[in-house]
Amino acid sequence: MKILVVGSGGREHALCWKLSQSPKVDTILCAPGNGGTAQVGTNIPIKDDDIPALVAYAKSEAVDLVVAGPELPLVLGLQNALTKEGIPCFGPSAFAANLEGSKAFSKNVMHESGVPTASFRVFDEFEAARSFIEEKGAPIVVKADGLAAGKGVVVAKTTEEAIGAVEEMMVKKAFSSAGDRVVVEECMAGEEASFLAFCDGVNYALLPSSQDHKAVGEGDTGPNTGGMGAYSPAPILPEEKYEETAELVIRPILRHLAAKGEPFKGILYAGLMYTENGPSVLEYNVRFGDPECQPLLMRLESDLVDIMFACIEGRLNEIEVKVRPETACGVVMAAEGYPGSYPKGMEISGLEDADALEGVKAFQAGTQLKDGKVVTSGGRVLCVTALGRDLKEAQTRAYEAVGKIHFDKSYYRRDIGDKGLNR
Ligand code: AMP
Ligand code: GLY
C-alpha cells in the first residue's frame, strides 16, 4: 500500500513513523515533509495548501490513502476533492472541518448540540463588538473567526486590550478575512486537557487523554506557541471518565453533523478546560494535535492503517483501538527566539544516540536533510518523546534523550509533565 501524508511538522513525522510500521504499507510519501519524514519515506515538494497539486499527484501515483496532518488542507476541501476522484482520505469534509475553520460555526454547533462551552456572541461589525465588550467587562476572550495560524485568540485582562484586539482583527485586518467576523466569549479559568477520538461519522474510538504546554516559558509563562511539549495520559482526565466525557463533548457533535448530512470522519479533538463546573470545550480541532500526536502515537498499539480505513468506511465499531498502558512524554526542542524570530540552518547531532535509549523516539519538526545531515529549518525543531511505566519515568527518559541532542541556540522547557506529577 502507498500512503501520502500531508504536512511538515512533528505530527507528520509521527504519523509517517507509525503508518510505516503497518505490514500493509510499502511506500510512505510526505508532502512537503521534513528531515524526519525523509528518513521514513520520500518527501514530495508540494505545499499542504495546494489542493489541486496534491490530488493530481495522488492520482498519478495511484496512492491508496491520503492522510491530512494539519487543518488547512481539510478546510480547503482536500477530503472532498480526493473523494470525488475515488481516493480514500483520512480527515473530515470541508463542511465538517469548519468546526476548526470557523470559531462562529463551531460555537453555534456546540450551542445547538448542548455541549458545555463558554457563553459567546458573534460579531460582524466593530462597533457592536466594542459596546458588547464594554457592557460585559474584563477578563474577556476575543477570537478571530477564521484560521489565524494559532494567533487568533486573545485572552484580554482589560476591556481596552479586548477592544484593541477586535480592532486589530476587524479594522486593521491583522488576519485578513479571517478576522472579518469575531467571537467574543466569557473567560474561563482552569486546567486544560486534550481529548481526541477517531470518528467514522457515527461511532467514535477514544484515544487516551493528553495535555499540551502552550506557553513558551516554564510555569506557563510568556507568549503562546504551537505547543512546547505534551504527555499522555493527563491525570486531570482519568480513564474512568473517558466514556462519560466523550458522551458530553464528542457524541453530540457526531449526531449534529450526521443529522446535517455531513458526518464527521477523522480525528475530533476537543480542547477542554476543567472549570469549577466541570469540563467545558474551548475549541475543537479536526486533526491530531501537535505535539499531542507524538506521545499518543507512541502509545497506540493497533495498526493505524486499519483504524483510518475503518473511519473512512464507517466501521469503527468492528475494530479495536488498543493502547499501551505506559505513559508517554514529549519535550519540544525549539530554536531560541521562537515563537518570535529565530535562527535556522543549525546542524543537529545526537539524534541516533537519543533514539537508541529504551522507549525513546526523537520526532523531527522544523528540520531538513542537507548533504546527509539534519539541520534546523523551523521554530519547533524536535519533539523528543519517551515511554515509561509512569509519568516520572517517561519524563526522566525524555529529558535524558534531550541531553544527548545538540544544536546551537536550542531551547526547551524543563517542566514538561510537572503539572501531571504535582496532581
Ligand atoms: P483556542 O485556539 O480556542 O483553543 O484558544 C487558545 C487558548 O486560549 C486555549 O488553549 C486557552 O488557553 C485560551 N482560551 C480560549 N478560550 C478561552 C476562554 N473562553 N477562557 C479562557 N481561556 C481561553
Ligand atoms: N497542540 C495544540 C494544537 O495542535 O492545536
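This structure is a prediction, so every number in the text was calculated from the model and none was measured. (Residues numbered from 1 in each chain as written. Chains lettered and ligands numbered in written order. Predicted model: local features only at pLDDT ≥ 70, side-chain atom pairs only at ≥ 80, totals over all residues. Heavy atoms only, no water.)

Caption draft 1: Local environment of the overall build of the protein chain. For the protein chain, the count of helices and strands is 16 helices and 23 strands. Once the C-alpha set of the protein chain is aligned to its principal axes, its extents read approximately 60 × 45 × 45 Å. Taking all 423 residues of the protein chain together, the buried fraction comes to 58%. Here the protein chain displays about 17,000 Å² of accessible surface, and carbon together with sulfur accounts for 47% of that area. Put simply, the protein chain has 43 plus and 60 minus side-chain charges, and the middle of one group is 1 Å from the middle of the other. (Helix = DSSP H or I, 4+ residues; strand = E, 2+ residues; numbered from the N terminus. Buried < 20%, exposed > 50% of the residue type's maximum accessible area, 1.4 Å probe, protein only. Areas by Shrake-Rupley, 256 points an atom, 1.4 Å probe, with all protein chains shown as cover. Lys, Arg positive; Asp, Glu negative; His and termini not counted. Charge placed at Lys NZ, Arg CZ, Asp CG, Glu CD.)

Caption draft 2: Spotlight on the sheet that holds strand β4 (residues 65–68). A sheet is described by the order of its strands in space; here 5 strands give the open sequence β3-β2-β1-β4-β5, paired in parallel fashion. The sheet is open, and its two edges are formed by β3 (42–43) and β5 (89–90), each paired on a single side. When β4 meets β5, the two strands line up parallel, connected through 2 bridges. Residue pairing across strands places Val 66 opposite Cys 89, the latter belonging to β5. Together, β1 (2–7), β2 (27–32) and β4 form the strand contacts of helix α1 (residues 10–19), whose direction differs from that of β1 by roughly 170 degrees. In the packing of helix α3 (residues 51–60) onto the sheet, the strands contacted are β1, β2 and β4, and the crossing angle to β1 comes to about 170 degrees. (Pairing = 2+ DSSP bridges. Contact = heavy atoms within 4.5 Å. Axes fitted to C-alpha atoms, helices over the stretch in contact; angles between N-to-C directions.)

Caption draft 3: Highlighting the nonpolar core. One finds Leu 99, Ile 250 and Tyr 284 to be the most contacted residues of the largest nonpolar core, which totals 77 residues. With 6 residues, the top contributor of residues to this core is helix α15 (residues 391–404). Here Ile 250 is in contact with Ala 197, Cys 199, Tyr 204, Thr 245, Leu 268 and Ala 270, once residues within four sequence places are set aside. Counting 37 residues, the second-largest nonpolar core is a separate cluster that includes Leu 196, Cys 293, Val 305 and Ile 307. (Core = buried A, V, L, I, M, F, W, Y, C linked by side-chain atoms within 4.5 Å.)

Caption draft 4: Quick peek at empty space enclosed by the protein. Enumeration according to the criterion identifies 1 cavity of 30 Å³ or more in this entry. Estimated volume of the largest cavity: approximately 50 Å³. Lining the largest cavity are Leu 15, Val 67, Ala 68, Leu 74, Phe 90, Gly 91, Ile 267, Val 286, Arg 287, Phe 288 and Met 308. (1 Å grid on protein atoms, 1.4 Å probe; cavity = no way out; pocket = protein on both sides within 12 Å on 5 of 7 lines; lining within 4 Å. Points joined across faces, edges and corners; volume = space filled by probe spheres on them.)

Geometric values such as these leave the question of function open.
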